[in-house]
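# A look at the structure
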Amino acid sequence: MSVTEQRYKAVLAVIGDGRTVSEVATDWGVSRRTMHRWLMRYEGDGLEGLNNRSHRPTQSPHQMPPSVEAMVLEMRRSHPYWGARRIAFELVRKRVERVPSESAVYRCLVRAAVIDPVSRQRRRETWKRWERGAPMELWQLDLVHGFLLADGPSAKALTGVDDHSRYCVSARLMARERTQSVCDGFSSALKTYGVPAQVLTDNGKVFTGRFAQPPVEVLFDRICRESGVDHLLTAPRSPTTTGKIERFHKTLRVEFDTRQVFKTLKTAQEALDEWVNYYNTQRPHQSLADGTPESRFHAGDDQPPHRLTPRPERNGEQWVSRRVASNGLVSVGYQQVSVGKHFGGSACDVLVTDGLLQFWVGNQLLKTVVRTSTGTVRKLHADGTAPQRR
């Protein structure tokens, strides 16, 4: 027996048999209010009135207008890499009336089956974004490959971003990864934007010779030393240290579309320059509260430039200068201490006290250990023994 037939029997028991509403409601296990509603629907629409009805409201003031929904889907079609957050931001830019929320745009995209629904991954409360406090404090530099050319092999690019503003300071294409090409791109960026306080790179041979046997000063290191730039290196197998430039590479591959084939290196460079200008001046950046890198890079142009705390003078009698060996060891007073292989070839200052040894590279305290030897440590900045700083 269907639900409609059961309701019809209950209605007949009241209007045909003359039983009270309370009695019939008790027999059928429903409330008196439900029984009265069945009677009203039967009186108004007959047997069809006893069928199940949709609970969907006749109108919804919060429903996305069809014109806005069409605009959302067209934006997604034109820019397949745009998500709900970016589309909602662009709708605000276009000054659309009744701009939907980010979640509403997301539901619209899911309904249209242009994206797959995914569970939201919330960040840990202890998560904190690491960035420098002002522009030109630190540049992150790296090489990225995969620019296809019709007249030869794929090209590579020297890329660089300002750590504070995410401003792209370098996007120089080169046919091959050569030291001279990389250094020409770096020198061009220095001439265009000025000299940063520090640069951060990986341990590639075009960037540093600290891990060569024996350690040597490559051209990139020499440019940094002569320009007064502190050259920092990432720890081995630690790509997250240069996370901002790696994220820039991801954006570059998707939005610039490195799968397209360019006729020549020159046409590829022209197209890349055009995209970099858009990235710096127009593209909103989520980590910058939807601001552009240019707005943050030039925000302090009318203020005195921010300067890092200068490296303290370490010429006292308790300071010893050593060079970190290629295996990361520093020897002081017949005691060998490892400060890490990635500091190989760097100048290291050691503070020698009666009970402790402190090892410094630049402004970074690498390690503090208990001194196991006694007596006076020789070569306290003796003439010609202090390593040249980079």
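Residues numbered from 1 in each chain as written. Predicted model: local features only at pLDDT ≥ 70, side-chain atom pairs only at ≥ 80, totals over all residues. Heavy atoms only, no water.

So, on to the side chain of Thr 208. Its location among the elements puts Thr 208 in the loop between strand E4 (198–201) and helix H8 (219–227). Engagement of the side chain of Thr 208 in a polar contact is seen with the side chain of Asp 221, the distance being 3.3 Å. If sequence neighbours within four positions are ignored, Thr 208 has contacts with Asn 203, Val 218, Asp 221, His 231 and Leu 233. (Helix = DSSP H or I, 4+ residues; strand = E, 2+ residues; numbered from the N terminus. Polar contact = N/O pair within 3.5 Å; in protein donor to acceptor, adjacent residues only side chain to side chain. Contact = heavy atoms within 4.5 Å.)

This brings us to the sheet that holds strand E2 (residues 152–162). On the basis of which strands lie adjacent, the open sheet formed by 5 strands has the order E3-E2-E1-E4-E5 and mixed pairing. One side of each edge strand has no neighbouring strand; the edge strands of this open sheet are strand E3 (168–174) and strand E5 (230–233). Across the sheet, the axes of successive neighbouring strands diverge by a mean angle of 25°, strand direction being ignored. Of the pairings in the sheet, the one linking E4 to E5 comprises 4 bridges and is parallel in character. What sits directly across from Leu 200, in E5, is Leu 232. Across the sheet, helix H7 (residues 179–193) touches strand E1 (138–149), E2, E3 and E4, and the angle it forms with E3 is around 150°. Running over the sheet, helix H10 (residues 265–281) touches E1, E2 and E3 and is turned about 165° from E3. (Pairing = 2+ DSSP bridges. Axes fitted to C-alpha atoms, helices over the stretch in contact; angles between N-to-C directions.)

Let us look at the environment of Ser 181. Tracing the sequence through the fold places Ser 181 in helix H7. Each C-alpha atom of the pair Ser 181 and Val 206 lies 9.5 Å from the other, and the pair is 25 residues apart in sequence.

Quick look at the sheet that holds strand E6 (residues 319–323) now. With antiparallel pairing, 4 strands are arranged side by side in an open sheet as E6-E9-E10-E11. At either end of the open sheet lies a strand with only one pairing partner, and these are E6 and strand E11 (364–370). The sheet shows a mean angle of 25° between the axes of neighbouring strands, direction not considered. Bridge count for strand E9 (residues 347–352) against strand E10 (residues 356–361) is 4 bridges, and the pairing is antiparallel. Within E10, the position partnered with Asp 349 by the bridge is Trp 360.

Within the largest apolar cluster, 22 residues are counted, with the highest numbers of intra-cluster contacts made by Trp 139, Val 182, Phe 186, Val 199 and Phe 220. Mapped by element, the contributors of at least two residues to this core are E1, E3, H7 and H8. At 5 residues, H7 tops the list of elements feeding residues into this core. Ignoring any residue separated from it by four or fewer positions in sequence, one finds Phe 186 in contact with Trp 139, Leu 141, Leu 158, Val 199, Phe 220, Ile 223 and Cys 224. In terms of nonpolar packing, the next biggest core, distinct from the first, is built from 19 residues, Cys 168, Phe 248, Phe 262 and Ala 268 among them. (Core = buried A, V, L, I, M, F, W, Y, C linked by side-chain atoms within 4.5 Å. Buried < 20%, exposed > 50% of the residue type's maximum accessible area, 1.4 Å probe, protein only.)

Attention now goes to the side chain of Arg 322. Within the secondary structure layout, Arg 322 lies in strand E6. No salt bridge is formed by the buried Arg 322, whose closest oppositely charged neighbour, Asp 349, lies at an N-O distance of 9.1 Å. Polar contacts involving the side chain of Arg 322 include one to the main-chain carbonyl oxygen of Ser 331, which spans 3.0 Å. (Lys, Arg positive; Asp, Glu negative; His and termini not counted. Salt bridge = Lys/Arg side-chain N within 4 Å of Asp/Glu carboxyl O.)

A few words now on the pairing of E6. With 4 of 5 residues buried, E6 lies mostly within the body of the structure. Where E6 meets E9, 5 bridges bridge the pair, whose relative direction is antiparallel. Bridged to Trp 319 within E9 is Leu 351.

Count 3.6 residues to each turn of an α-helix, and residues three or four apart come out pointing the same way. Residues Ala 104, Val 105, Cys 108 and Leu 109 constitute the buried set of helix H6 (residues 102–111). The arc that holds every buried residue of H6, seen down its axis, measures 140°, which confines them to one face. Among the structural elements, helix H4 (66–78) and helix H5 (84–93) are those in contact with the buried residues of H6. Positive phi shows up at Ala 113, right after H6, with a value of about 60°. (Arc of directions from axis to C-beta.)

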